[in-house]
Amino acid sequence: MKYLKLCFFISICFPIIITHAERTGDIIYIHPDNEKELWSTSSWDGRDAHRIFTHSHGIEHIAVQKNGSYLLTIAHARVNGRLGRDVFLVDRTRPRAKARNLTQQRYGPIEDIDIFHNGDVVFLNSSEVENLVHGIYLIPREELGNDLPETELLRSGGDILNVRLHWDFSKVRCSPENEHIAYNAGGKIYLYNVIKGGGSKVVSEGHFPVFSPEGDRLAFAHRFKGMNAAISVISIKPLNLARRLATVALVDHVSSGAFIWAPDGQAIIYTARGFDRLFHSYRAPLDGGPHEEIFEHLVESPYDFDWTGTSNPHAVEPTRKLTTLWGSLKVHNIRRR
C-alpha cells in the first residue's frame, strides 16, 4: 500500500487459535479498501463493523483518545488550492459534525500524531519543507476549539546533538499519565517529560516506541540476534532500572511496520502481509504463547487501527495537568524549549 513506507520482515506462520483475549472499548480503523472511511467494531473478529466517518480525501493515520471523545487523523486536505497533509480532529460525540483541520498546512506535511488521555495533541511534521522547524509540536486541549490553534515546539533537531534533521524524527507517542512523550531519532528511542521540560533521555536503540496501557513499559521495533526485526518490551518505571522484559521475534515476511499494545497490556498486536498479499493482524502474547489472528470476518485486516479505551483507564483530569502549565506559560509568544 502506498503509505506503508516503513516496512520490515515478519513471520505469519504462527498457530491460529479460536479464543480471543478480553477487549476494552471499540476498535476504530481505516478501511483497507477505502482510505477515506473510518470504521468501528466492538468485536475482535470484526463481524459488527460499520462506517462512522468519511473524509474528503485519503486518511493515512489515526489516534484515538482513550476513554474520551476525540479522534485524530492525518489526512489530505486542500487549503488555498494546495493539497497537503494535515491534522484533523473528530469529536465522536458529534457524529454529524465535520472534522476540523488543526494545522491547515502551516507546518508542512504531517508525519505522525498522537493524543494524551487529557486531550492534549502532539504532532510531528516533515523535514521536507524549508523555512519550517522540523520537530514535535504540542496543541493544548484549550486550543482545540480555535480556528488556528496555537502550538508549542516540544522538541526540535537542535535539541539532540549529532543528529541529521532531514530524516531523524519519525514517530512520537504519548504516555497514559499525560506526562511523557516517546520518540525515535537517529536510531535511538528517547523519553521527554513535557511537564518538567529539560533534556531527553535515551532509553534504547530502536524504532516505533509505544507505551503500554499502564505507562510502565515501552515496546519498540529493532533487529534481534540476526533476525530482520523483532519487537521488544522494556520497563521504564523506574527509568534508571530499565530492563528488557520480553521479545517477540518477527521474521520472514513483509509487515506494515506498525504495531500497538493490546488493551490488557499482555500482548502486542501487529499486522503482516500474508502469502495471499492481503494484510492480517495478530495478537502476540508476551508470555510466549501462540499468535492469534484477529479480524477474521473482514476480507482484509486494516493496516491502521486504535482502541477507544484501556483496561486500566487514567483520569482525563490528572492531578498534574499539562494544560495548567501551558496556561501559565502562554503570554504572547509560544515558549521554545
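Conventions and cut-offs
- Residues numbered from 1 in each chain as written.
- Predicted model: local features only at pLDDT ≥ 70, side-chain atom pairs only at ≥ 80, totals over all residues.
- Heavy atoms only, no water.
- Pairing = 2+ DSSP bridges.
- Helix = DSSP H or I, 4+ residues; strand = E, 2+ residues; numbered from the N terminus.
- Axes fitted to C-alpha atoms, helices over the stretch in contact; angles between N-to-C directions.
- Buried < 20%, exposed > 50% of the residue type's maximum accessible area, 1.4 Å probe, protein only.
- Polar contact = N/O pair within 3.5 Å; in protein donor to acceptor, adjacent residues only side chain to side chain.
- Salt bridge = Lys/Arg side-chain N within 4 Å of Asp/Glu carboxyl O.
- Phe/Tyr/Trp six-rings, centres within 6.5 Å; stacked < 30°, edge-to-face > 60°.

A.B. asks: So what's going on with the sheet that holds strand β14 (residues 188-193)? Which residues, and what values?
C.D. replies: Strand order in the open sheet formed by four strands is β12-β13-β14-β15, and the pairing between neighbours is antiparallel. Two strands in the sheet have a free side with no partner beyond their single neighbour: β12 (172-174) and β15 (201-205). Across the sheet, the mean angle from the axis of one strand to that of its neighbour is 25°, orientation sign disregarded. For strand β13 (residues 180-185) and β14, the ladder comprises six bridges, and the chain directions are antiparallel. Opposite Ala182, over in β14, you have Leu191 as the bridge partner.

A.B. asks: Describe the side chain of Glu37, and please don't skip the residues or the numbers.
C.D. replies: By secondary structure assignment, the location of Glu37 is in strand β2 (residues 37-41). Relative accessible area serves as the criterion here: at 11%, Glu37 is assigned to the buried category. One polar contact links Glu37 to Arg51, side chain to side chain, over a distance of 3.2 Å.

A.B. asks: Explain the pattern of salt bridges residue by residue, including any values.
C.D. replies: Pairing of side chains with opposite charge becomes possible as their charged atoms draw close. Tallying each qualifying case throughout the model produces nine salt bridges. Of the charged contacts, one joins Asp112 and Arg173 as a salt bridge, the two residues approaching to 2.7 Å between their closest N and O atoms. Residue Asp112 is located in strand β8 (residues 110-115), and its partner Arg173 is located in strand β12; the two are separated by 61 residues in the primary sequence. Here Asp112 and Arg173 have matching classes, each one buried. In this structure, Arg217 engages Glu214 in a salt bridge whose closest nitrogen and oxygen atoms are separated by 2.9 Å. Note on Arg217: relative accessible area 13%, which makes it buried. Each member of the salt-bridge network shares a partner with another, and the members are Glu60, Arg85 and Glu111.

A.B. asks: I'd like to hear about unusual backbone geometry, residue by residue, with values.
C.D. replies: The phi dihedral of Gln105 is positive, around 60°, even though this residue is not glycine. In this fold, Gln105 is placed in the loop between β7 (100-101) and β8. If you check the backbone angles, Phe208 has positive phi at about 55° while not being a glycine.

A.B. asks: Tell me about the sheet that holds strand β5 (residues 70-79), and please be specific about residues and values.
C.D. replies: Across the sheet, four strands lie side by side as β4-β5-β6-β7; this open sheet has antiparallel pairing. At either end of the open sheet lies a strand with only one pairing partner, and these are β4 (59-64) and β7. Inspection of the sheet shows β4 paired to β5 by five bridges, in the antiparallel sense. Bridge pairing in β5 places Val64 opposite Leu71.

A.B. asks: Give me the lowdown on the pairing of β13, citing residues and values where you can.
C.D. replies: The buried fraction of β13 amounts to six of the six residues, a majority that puts the element mostly inside the structure. Alternating residues of β13 divide into His180, Ala182 and Asn184 and Ile181, Tyr183 and Ala185, and every residue in both groups is buried. Note: β12 against β13, three bridges, orientation antiparallel. Counted as the bridge partner of Cys174 is Ile181 from β13.

A.B. asks: I'd like to hear about the packing of aromatic side chains, residue by residue, with values.
C.D. replies: Scanning all chains against the criterion turns up nine aromatic pairs. For the pair Phe123 and Tyr137, a centre-to-centre distance of 5.2 Å together with 10° between the ring planes defines the contact as stacked. Here Phe123, found in strand β9 (residues 121-125), pairs with Tyr137, found in strand β10 (residues 135-139); they are 14 residues apart in sequence, far enough to count as distant. Per residue, the accessibility class of Phe123 equals that of Tyr137, and both read buried. Between the aromatic rings of Phe295 and Phe305, the centroid separation amounts to 5.1 Å while the plane-to-plane angle is 80°, which identifies the pairing as edge-to-face. You can see Phe295 sitting in the loop between β23 (292-294) and β24 (305-307) and its partner Phe305 sitting in strand β24, a full ten residues away along the chain. Since its relative accessible area comes to 2%, Phe295 is described here as buried. Each residue in the set Tyr29, Trp44, Phe295, Phe305 and Trp307 is aromatic and connected to the rest through ring pairs, giving one cluster.

None of the figures reported here should be taken as evidence of function without further support.
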